[in-house]
Amino acid sequence: MAATVKAGISASLTGQFSTQGQQALAGLTAWVDYVNQQGGLAVGDAKLPVTLVSYDDGSTADNTRRATERLITDDNVDLLFGPYSAGLTTAAAEVAESHGRVIWNHGGAGDAHYARGFRKVISILTPADQYLVGAPELVRQANPEANRLVILRIDTGAFARLVARGAETAAHDLGFTTVLDLRYRPTQVSFTEIARHVAEQQPDLVVTVGRIRHDIGTARALARLPNRSNIGLAAVIATPIAGFEELLGEAADGFVGPSQWEPAFSIPTPDVGPGAADALRMLNDGASAADVPVDYAMAQAMAAGLVAERCVALAGDLDDDALLNVAVNADFTTFYGRFKIDEAGRQIGRSVALVQRQHGRKVVVWPQELAEGELQYPF
């Protein structure tokens, strides 16, 4: 047995996912520090120190493939962690699958890797099609007459399609009608024109999903509408991230979005790893060292480390097949929430919350058992 356990990650330190990639690396680093402070990773009867190897993938699929290949063949990592973003995760999973390696997925909520038959992707976060399923119910609670839905999304990538489909299905089940389904090219879009089309429909719920820059552009245009209150509720995927409020300022208020994790609903005394207070302290320390804000991308990467740690302890070794078998049958909690996957590796043990920006802060508004405050509707 080697004297050290090697963990590896392809992280987007530059490019369009640089903020989330830096957060992910900081979160995984926080886990490595935690494990080593506890005396090392329990592998059978031994406790071994963990080292972390990382490469910047520049937010591109080709670089992600090369980085993942290097981690597997050159660095011989024992634990392979995926990158942030659904598309990059699929690229990394493609390489991992070709080598028969398990990949711990903390940053890809899409389903492309499952659609391609990959069976060694162990996912920490809730699938994308569940991100906004609570939004129609939330609107209906605030306005029993609500029934008009608008869908806005980029026309590329599986993530946007999955989020929109999940929200639309949930809305139709409650009797909503889709009055506008607008798909736009990410390089050819006028957000002002989009907002005008939305306002004309007088929707009760607007679901918008693009890449981060598109979500922010759409939100800014919606916020500038002279009749903003006529659009009911706007659910924008990027709402919970720190950059949303930084870029929009007071205009961020009123928007709702899905959050995989918020400090408010961390588990105080989980089965595995630090409790909520200690985990938040570690994340804050890691964020300070990396000069990034604490956000969900950081929390879920740290949680992925804790999940891998637990599975190694249960398996008693670092063999990928043994780890996969343990993971499929495991059911436990970390500060991040419950971990339970189906046979394909999809996370089924937890759900996302919906948060609303209210007067400069994020407020959990759904589900009801986690809510910190009432939905302000229309804002």
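Residues numbered from 1 in each chain as written. Predicted model: local features only at pLDDT ≥ 70, side-chain atom pairs only at ≥ 80, totals over all residues. Heavy atoms only, no water.

Focus: empty space enclosed by the protein
The rolling of a water-molecule-sized probe over the atoms marks out the regions of remaining empty space. Taken as a whole and judged by the stated rule, the model has 2 cavities of 30 Å³ or more. As a volume, the second largest cavity reaches approximately 40 Å³. Lining the second largest cavity are Ile124, Ala303, Val307, Thr334, Tyr336, Gly337, Arg338, Phe339, Gln347 and Arg350. Taken together, the elements giving at least two residues each to the lining of the second largest cavity come down to α11 (296–315) and β14 (337–339). By residue number, the principal contributor to the lining of the second largest cavity is β14, which donates 3 residues. Looking at the lining of the second largest cavity residue by residue, the classes come out as 5 nonpolar, 3 polar and 2 charged. (1 Å grid on protein atoms, 1.4 Å probe; cavity = no way out; pocket = protein on both sides within 12 Å on 5 of 7 lines; lining within 4 Å. Points joined across faces, edges and corners; volume = space filled by probe spheres on them. Helix = DSSP H or I, 4+ residues; strand = E, 2+ residues; numbered from the N terminus. Nonpolar A, V, L, I, M, F, W, Y, C, P; charged D, E, K, R; others polar.)

Considerations on the layout of surface pockets
The calculated volume of the largest pocket comes to roughly 690 Å³. Of all the secondary structure elements, the ones that give two or more residues to the lining of the largest pocket are α3 (86–98), α6 (158–173), α8 (212–223), β12 (256–259) and α11. At 4 residues, the largest contribution of residues to the lining of the largest pocket is made by α3. Of the residues belonging to the lining of the largest pocket, the class tally is 20 nonpolar, 14 polar and 3 charged.

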